[in-house]
Amino acid sequence: MPVKGWIEVSDQFCKGCDLCVNACPQHVMALDIEHLTSKGYHPAHLISEGCTGCAICAVVCPEAAITVYREVPVRAAAAGSV
Ligand code: SF4
Ligand code: SF4
């Protein structure tokens, strides 16, 4: 089963540069043209399922605006705690 991930993009730090959108290997990110941050940028966001939590978007973001989360399968989590 593929790893499931998701991201949060900080409105406070995102400047809509598009780097993360172009870097995402799953093509699940885009700039949100319906939303403006308080600084006047269209922030990046997830547009579909398929994020694997690979964190490439967070690595390329020059503003450190992305937090990546990754779902850990229960069996793997249990194995790690033994
Ligand atoms: S964590 Fe990976 S798959 Fe998910 S949005 Fe970022 S670059 Fe794309
Ligand atoms: S790379 Fe960072 S600053 Fe640029 S659009 Fe993505 S989240 Fe925003």
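Please read all numbers here as calculations on a predicted model, not as lab measurements.

Q: Where do I start with the nonpolar core in this structure?
A: One recurring pattern in soluble globular proteins is that nonpolar side chains are buried together. Core analysis: the largest hydrophobic core is formed by 12 residues, namely Ile7, Val9, Cys14, Cys20, Cys24, Met29, Ala44, Cys51, Cys57, Cys61, Ala65 and Ile66. Those residues in contact with Val9 that lie beyond four places of it in its chain are Cys14, Pro43, Ala44, His45, Ala65 and Ile66.

Q: Can you walk me through the site of ligand 1 in this structure?
A: Taken together, 14 residues lie around ligand 1, and Cys24, Gln26, Cys51, Cys54 and Cys57 are the ones closest in. Elements with a minimum of two residues in the shell around ligand 1: β1 (5-9) and α2 (56-60). Partitioned by chemical class, the residues of the shell around ligand 1 number 10 nonpolar, 4 polar and no charged.

Q: I'm lost on unusual backbone geometry in this one. Help?
A: Both trends apply: most residues other than glycine have a negative phi, and most peptide bonds are in trans. Residue Asp18 is not a glycine yet carries a positive backbone phi of 80 degrees. Counting through the fold element by element, Asp18 comes out in the loop between β1 and α1 (19-23). Using a count of 13 C-beta atoms within 10 Å as the deciding quantity, one classes Asp18 as partly exposed. Even without a glycine there, the phi angle at His27 is positive, about 55 degrees. Checked against the element boundaries, His27 lands in the loop between α1 and β2 (29-31). According to the C-beta neighbour criterion, His27 is exposed, with 11 such atoms within 10 Å.

Procedures and definitions
Residues numbered from 1 in each chain as written. Chains lettered and ligands numbered in written order. Predicted model: local features only at pLDDT ≥ 70, side-chain atom pairs only at ≥ 80, totals over all residues. Core = buried A, V, L, I, M, F, W, Y, C linked by C-beta atoms within 7 Å. Buried ≥ 20, exposed ≤ 12 C-beta atoms within 10 Å, placed from the backbone. Contact = placed C-beta atoms within 7 Å. Near = placed C-beta within 6 Å. Helix = DSSP H or I, 4+ residues; strand = E, 2+ residues; numbered from the N terminus. Nonpolar A, V, L, I, M, F, W, Y, C, P; charged D, E, K, R; others polar.

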